[in-house]
Amino acid sequence: MTTMAVVGKIVTEPTELHLSWQSVKAAMEYRIFMSRMSVLCSDEIQERQNSKAVMPDKYFSDLAAALNAGQESESRKAIHDIVDGMVRGPYSAAHCNTKILEAVSVISRFLHAHSIRTEDIEGQDFEAVFYSMEDIYEIEKWMTQVVHDAFALLENRQENSAQQLVDKAKAYIREHLSEELSLRSVAEQVYISPSYLSKVFKEEAGVNFSDYVTDARMKKAADLLLNTNLKVEAIAQTVGYNTPHYFIRKFKESYGITPKNYRLERG
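To start, this report covers the structure provided alongside it. This is a predicted model, so every value here is computed, not measured.

1. Observations regarding unusual backbone geometry
Item 1. Non-glycine residue Ser115 carries a positive phi angle of around 55°.
Item 2. Summarising the element assignment, Ser115 is placed in the loop between helix H5 (93-113) and helix H6 (118-121).
Item 3. Non-glycine residue Tyr191 carries a positive phi angle of around 60°.
Item 4. Along the chain, the position of Tyr191 falls in the loop between helix H9 (183-189) and helix H10 (194-205).
Item 5. Judged by its relative accessible area of 75%, Tyr191 falls in the exposed class.

2. Some details on the pattern of salt bridges
Item 1. Applying the stated criterion across every chain yields a total of 9 salt bridges.
Item 2. Note that Arg88 and Asp84 form a salt bridge whose closest N and O atoms lie 2.7 Å from each other. Separated by 4 residues within a single helix, Arg88 and Asp84 lie in helix H4 (residues 72-88), roughly one turn from each other.
Item 3. Given a relative accessible area of 28%, Asp84 falls into the partly exposed group.
Item 4. Linking Lys219 and Asp215 is a salt bridge whose minimum nitrogen-to-oxygen distance equals 3.2 Å. Here Asp215 and Lys219 lie together in helix H11 (residues 209-227), a separation of 4 residues that amounts to about one turn.
Item 5. Judged by relative accessible area, Lys219 falls into the exposed class, the value being 52%.
Item 6. Here Asp215 falls in the partly exposed class, since its relative accessible area comes to 35%.
Item 7. A cluster of three or more residues bridged by salt bridges with shared partners is formed by Arg249, Lys250 and Glu253.

Calculation notes
Residues numbered from 1 in each chain as written. Predicted model: local features only at pLDDT ≥ 70, side-chain atom pairs only at ≥ 80, totals over all residues. Heavy atoms only, no water. Helix = DSSP H or I, 4+ residues; strand = E, 2+ residues; numbered from the N terminus. Buried < 20%, exposed > 50% of the residue type's maximum accessible area, 1.4 Å probe, protein only. Salt bridge = Lys/Arg side-chain N within 4 Å of Asp/Glu carboxyl O.

And the structure:
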């Protein structure tokens, strides 16, 4: 438990004690910003109490920019800079309280813009948690944790989204092996650009798009060779090759033997 002593205004007459008490009450408004100080002298913060200084908008625009850019480390720094500015700056307690709410508002707008519900990252009432805090450093820690959890949630969403796109592309490929399966034609089916499909396919499937298509065709061909009486020419067409000779060459590249010998040896 942390304790703090507050020294009121020095007076010389008993009749002026109320002035000292008033200065103590004023100084106590700063305890949230100066919780790491063991002694708080009212005279030392009188200048802040009467200050008309305003925190620069850059503090909050930097936080918004870092959040929108997806930069967690820069977001943490921006939050720390805001808190440090409140602690060390010449700003009144009332002004600082307003700016704390502004910082929380910046974070809230970011969450809303990305459809992140506060209960998804807090598990409890967002405002109730915030207003229960009495220490600026506790508030800083809380804001930093909210930002961290939000970025983690967005990353998880992105990963799941990319995996889902690749899964859809794979399913379409397996169901349309007899058709043209260019990067562009498959990308159109999952409503993304060919370049993005190529990127996420490599990342999520671990192979290039064209290699996956060829592999899927060869696996289907191998299955048909072993489990049907279809001729090699018919199998070639079934898996998307109009030229049997080209199909035979690709099959041999994959399995090391021709389709005919594959059927004879493994059938």
